[in-house]
Amino acid sequence: MSNAMPAWTLTENASLKALNTFHVDASAAQLLELHDPSLLPDVLALPHVADTPLLVLGSGSNVLLADDVPGTVLVFANARIDILEHRADHTLVRAGAGVNWHGLVMWSLQNGLSGLENLALIPGTAGAAPIQNIGAYGVQVDEFIQVVEAWDRQAGEWVRLDAEACQFGYRDSLFKQQPDRYLITAIELRLPLLHHLRLGYAGISEEMQAMGVELPVAADVANAVIALRRRKLPDPDVLGNAGSFFKNPVLPLEQVEVLLQHFPDLPVYPAEQDNRRKLSAAWMIEACGWKGHREGDAGVAPQHALVLVNHGTASGAQLLALARQISASVLEKFGVPIEPEPRLVGAQW
Ligand code: FAD
Ligand code: EPU
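Here is what the cut-offs are and how they apply
Residues numbered from 1 in each chain as written. Chains lettered and ligands numbered in written order. Predicted model: local features only at pLDDT ≥ 70, side-chain atom pairs only at ≥ 80, totals over all residues. Heavy atoms only, no water. Pairing = 2+ DSSP bridges. Helix = DSSP H or I, 4+ residues; strand = E, 2+ residues; numbered from the N terminus. Domains from an automatic or database assignment. Contact = heavy atoms within 4.5 Å. Buried area = accessible area lost by both parts, 1.4 Å probe. Salt bridge = Lys/Arg side-chain N within 4 Å of Asp/Glu carboxyl O. Polar contact = N/O pair within 3.5 Å; in protein donor to acceptor, adjacent residues only side chain to side chain. Nonpolar A, V, L, I, M, F, W, Y, C, P; charged D, E, K, R; others polar. Axes fitted to C-alpha atoms, helices over the stretch in contact; angles between N-to-C directions. Near = heavy atom within 4 Å.

Read across the sheet, 4 strands follow the order E13-E19-E18-E17 without closing on themselves; strand pairing throughout is antiparallel. A strand with exactly one partner marks an edge of an open sheet, and here the two such strands are strand E13 (240-244) and strand E17 (294-295).

Another aspect to go through is the domain arrangement of the chain. Here the chain is described as being made up of domain 1 (8-76), domain 2 (81-192) and domain 3 (240-345). Relative to domain 2, the C-alpha centre of domain 1 lies at a distance of 21 Å. Across the boundary between the two partners, domain 1 contributes 13 residues, which contact 13 residues of domain 2. Carbon and sulfur atoms supply 68% of the area buried between domain 1 and domain 2, which totals about 1000 Å² over both sides. Counting across the domain 1 and domain 2 interface gives 0 salt bridges. Put simply, domain 1 and domain 2 have 1 residue pair in polar contact (both at pLDDT 80 or more) between them. Looking at the side of domain 1 that touches domain 2, the elements with two or more residues in it are helix H1 (40-44), strand E3 (54-57) and strand E5 (69-76). A total of 3 residues in the side of domain 1 that touches domain 2 trace back to one element, the largest contributor, which is H1. Across the side of domain 1 that touches domain 2, the residue classes break down as 8 nonpolar, 5 polar and no charged.

Moving on, we come to the sheet that holds strand E15 (residues 268-270). The 3 strands lie next to each other as E14-E16-E15, forming an open sheet whose pairing is antiparallel. At either margin of the open sheet sits one strand with a lone partner, and together these are strand E14 (250-252) and E15. Averaged over neighbouring strand pairs, the angle between their axes works out to 45 degrees when direction is ignored. The sheet contact formed by E15 and strand E16 (residues 276-279) spans 3 bridges and is antiparallel. Its bridge partner being in E16, Pro270 is matched across the sheet by Arg277. Of the strands in this sheet, E14, E15 and E16 touch helix H7 (residues 253-262), which is tilted by about 95 degrees from E14.

In the vicinity of ligand 1 there are 32 residues, among which Val56, Gly58, Ser61, Asn62 and Thr125 approach most closely. In this structure, an oxygen atom belonging to ligand 1 sits 2.8 Å away from a main-chain N or O atom of Pro123. Within the side chain of Arg229, one N or O atom sits 2.7 Å away from a nitrogen atom of ligand 1. Of all the secondary structure elements, the ones that give two or more residues to the shell around ligand 1 are E3, strand E8 (135-136), strand E12 (182-192) and E13. Residue composition of the shell around ligand 1, grouped by class: 16 nonpolar, 13 polar and 3 charged.

Have a look at this one:
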């Protein structure tokens, strides 16, 4: 008998409880784990796969499963990291879709590469990083993306998309706009050799000072970000959650100025466009009294108003019902619509 890893495995009626960080107890009609993505076109053509709807999951840290999944859940298990080339000014790194994101950040630092340090401890896979253009502490992954390799289901062909083609924005991309069209099998990152550390986001410098760091290197920034995140966000292994449940709303400057007349303490941040500003959804939700609120097992984290939590047996539908109440109250108090950040599976917002 061969000990070689199978190229793929298919499990019928599979639980997704460990495959989503809300730990919602949902199931999939079948779960397809693919170790060798070059086989993707063949596997997708199998009759019992081709005939069912397809949902790709990484670690399920940005999904709300509002129902059982009637079709096939595809998980990429290719977890190789390779250095493709060292150049005078950058190193090109390739990560398979199944690579753990935080593991990749730590690997890059251990290999003397910098750039990703502000993105430490974000849960999920490398393959999902481009989907919502993950960002934290003043950095977004699009800065480093050289190529996204994907199977384009609509065209029926392999594509290698550069950052421009990916149409990245704040928590946004081509992939988010056209869900399920592109199955991302690997990403290639360009990590610069001359890198200026990004220390501007509130709390980073203070955290490093408290750690006694005077001349920070990239690993110090990662440690500061990790410490801040551990304090601010609940650990999904302890309390089910999907990070920020709502995106921070981006509004025209004139509307923001009117809001500030009524709510002068509302935190306002720059947006990608000069004539718009990003507002803190957490602040508005807290001002509506939701922080730490609980209805059965669905609740709002006591330490961060933007994070919905599952205290145990909440269903996706219960979490969604709570999210709808929260957004309705923010709309009523501030006149500002807020939208979910995670993908809703089995429901529409
Ligand atoms: P999943 O949740 O499994 O999937 C998310 C979406 O991507 C789905 O639409 C899915 O279909 C699609 N997808 C996944 N893999 C692929 C693929 N290979 N090809 C095509 N489509 C795919 N996000 C941030 O940006 N910044 C943060 O600071 C941050 N903090 C978080 C903190 C916590 C505690 C948690 C739980 C989440 C946080 N998130 C944050 C959200 C989450 O970590 C990211 O969105 C992450 O990229 C999701 O990765 P995943 O592998 O879990 O994707
Ligand atoms: N705030 C409150 N109440 C709270 C929490 C925060 O009023 O309970 C206010 C404070 O004024 C605070 C401000 O909101 O200064 C900003 O808070 P934080 O720094 O935690 O950032 P955020 O806007 O809530 C965003 C991302 C996070 C990312 C952090 C750090 C979105 C939707 N969320 O959160 O990403 O980690 O910045 O960069 O953009 C995620 O996407 O899942 C996620 C966790």
